[in-house]
Amino acid sequence: MAEPHASAALPLYLQVAAALRDDLIHRRIASGTRLPSERSLVDRFQVNRQTVRSALRLLRDERLVVTERRGTFAAAANVAAGGPGPVLAPGLLEFPGGTGGTDRGVTEAALCWEAAPPETAERLGLLPGEPSLVHRHRVLDADGTVGQRAVSRFSRYALAEVPELARYRRPEARLGRRPDLRLLYHWMHRAGLRLTRRECIGVRLPDAAGACLTVHREVQDQHGHVLEVTDIRFAPRSAPLTYEFTG
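The model shown is predicted, which means the values in this text are computed figures rather than measured ones.

Parameters and conventions
Residues numbered from 1 in each chain as written. Predicted model: local features only at pLDDT ≥ 70, side-chain atom pairs only at ≥ 80, totals over all residues. Heavy atoms only, no water. Helix = DSSP H or I, 4+ residues; strand = E, 2+ residues; numbered from the N terminus. Buried < 20%, exposed > 50% of the residue type's maximum accessible area, 1.4 Å probe, protein only. Contact = heavy atoms within 4.5 Å. Areas by Shrake-Rupley, 256 points an atom, 1.4 Å probe, with all protein chains shown as cover. Core = buried A, V, L, I, M, F, W, Y, C linked by side-chain atoms within 4.5 Å. Expected span 1.5 Å × (residues − 1). Salt bridge = Lys/Arg side-chain N within 4 Å of Asp/Glu carboxyl O. Axes fitted to C-alpha atoms, helices over the stretch in contact; angles between N-to-C directions. Parallel < 35°, antiparallel > 145°, perpendicular 65-115°, else oblique. Nonpolar A, V, L, I, M, F, W, Y, C, P; charged D, E, K, R; others polar.

Engineer: Any chance you could break down the overall build of the protein chain for me, citing the residues and the numbers?
Structural biologist: What the protein chain contains, in helices and strands, is nine helices and 10 strands. Scored against the burial criterion, the 247 residues of the protein chain give a buried share of 42%. A separation threshold of at least 6 residues defines the contact pool for the protein chain, and within that pool the share at least 24 residues apart is 59%. Of the accessible surface of the protein chain, which amounts to about 13600 Å², a share of 52% is contributed by carbon and sulfur atoms.

See the structure below:
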């Protein structure tokens, strides 16, 4: 069973949830199988019981596990795979923020502070030239070429409302490479923000860098505050998109 990767970027309960989620998705814990007891999970991950309970609560929210009188069990396969039924959309939980190897290739990520372009700054509620937190992410294909490139910028409001982002405002915060923001939308959800994601898809005509598929994303909360603006470019050979929605 997969163990969590030590990372100062993720709270312990998210690390535990990520390891168990990996076990569930890859069927190392089969559908209908009872998960180890809380005490066993405490021993396995070397965390306290409350951390384990928080991780299991998150997995219940995602409908990957169910808890009843006899214990906690892996959910039925169709539910865990996002089958019929009102599940918390996987798209809500996924942000292109991790690093390492995936089935799409090698991913790289980095964080920095820099001023946003004027139009983006206006959407984020920033003053001209005011720096914002910027996340850059790219996916390298097997031949080393860039198949996907994403640049995300966050508003002051997002940094104020989402604790996992707010810590990057601190002087001692370590930016640079290998940030892991894959659970960004879940962090926003846990902070009480109800997200609306609007995406515009287009095609950039060939130039020195070649043609590409583009996606412009804006994420707002229930009060109309813009939290994030992301621009993504896909190389034509690696441009398939999958969208999931809940109603």
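There's more to say after this.
Engineer: Now, about unusual backbone geometry: what can you tell me, with residues and values included?
Structural biologist: The phi angle at Gln46 is positive, at roughly 55°, despite the residue not being glycine. Structurally, the position occupied by Gln46 is in the loop between α2 (38-45) and α3 (49-61).

Engineer: Can you tell me about the nonpolar core, naming the residues and giving the values?
Structural biologist: Leu24, Leu59, Phe154, Leu165, Leu181 and Leu184 are the most contacted members of the largest nonpolar core, which has 39 residues in total. Of all the elements in the fold, those that place two or more residues in this core are α1 (12-25), α2, α3, α7 (156-161) and α9 (184-190). A total of seven residues in this core trace back to one element, the largest contributor, which is α1. Ala116, Ala121, Leu124 and Leu126 belong to the second largest nonpolar core, which has six residues in total.

Engineer: Please provide a residue-by-residue account of α1, values included.
Structural biologist: Residues spaced three or four apart along an α-helix point in a common direction, a consequence of the helix completing one turn every 3.6 residues. Between the first and last C-alpha of α1 there are 20 Å, a value that for 14 residues agrees with the 20 Å anticipated at 1.5 Å per step. Of all the 14 residues making up α1, 10 are buried; the element is thus mostly covered by neighbouring parts of the structure. Among the residues of α1, those classed as buried are Tyr13, Leu14, Gln15, Val16, Ala17, Ala19, Leu20, Arg21, Asp23 and Leu24. Next to the buried residues of α1 lie α2, α3, β1 (65-68), β2 (71-74), α8 (163-166) and α9. Backbone geometry just after α1 places Arg27 at a positive phi near 60°.

Engineer: Provide a residue-level description of the environment of Gly202, including the pertinent values.
Structural biologist: Along the polypeptide, Gly202 turns up in strand β8 (residues 196-204). Overall, the relative accessible area of 23% leaves Gly202 in the partly exposed class. Once the C-alpha coordinates of Gly202 and Arg233 are considered, the two residues, 31 residues apart in sequence, prove to be 9.7 Å apart. If we skip the residues at most four places from it in the chain, Gly202 touches Cys212, Leu213 and Thr214.

Engineer: Could you give an account of the pattern of salt bridges, naming the residues involved and the relevant values?
Structural biologist: What the rule picks out here adds up to 14 salt bridges. A salt bridge links Arg136 to Glu114; the nearest nitrogen and oxygen atoms lie 3.0 Å apart. Separated by 22 residues along the polypeptide, Arg136 in strand β5 (residues 131-140) and Glu114 in strand β4 (residues 105-115) bring together distant segments of the chain. One salt bridge connects Arg197 with Glu199, and the closest N-O pair in it is separated by 3.4 Å. The network of salt bridges with common partners includes Asp22, Asp23, Arg28 and Arg44.

Engineer: Please give an account of the environment of Ala30 that cites residues and values.
Structural biologist: Secondary-structure assignment places Ala30 in the loop between α1 and α2. Residue classification places Ala30 among the partly exposed residues on the basis of a relative accessible area of 36%. With 43 residues separating them along the chain, Ala30 and Phe73 place their C-alpha atoms 9.2 Å apart.

Engineer: Would you mind going over the side chain of Arg21 in detail, with residue names and values included?
Structural biologist: Inspection of the secondary structure assignment puts Arg21 in helix α1. Other than its neighbours up to four places away in sequence, Arg21 contacts Leu58, Leu59, Glu62, Leu64 and Leu183.

Engineer: If you had to explain the packing of α1 against α2 to someone new, which residues and values would you point to?
Structural biologist: At a closest axis distance of 12 Å, the pairing of α1 and α2 adopts a crossing angle of 110°. Taken as axis vectors, α1 and α2 run roughly perpendicular relative to one another. On α2, the residues that touch Val16, Ala19, Leu20 and Asp23 of α1 are Leu41, Arg44 and Phe45. A class-by-class count of the residues in the contact of α1 with α2 yields five nonpolar, no polar and two charged.

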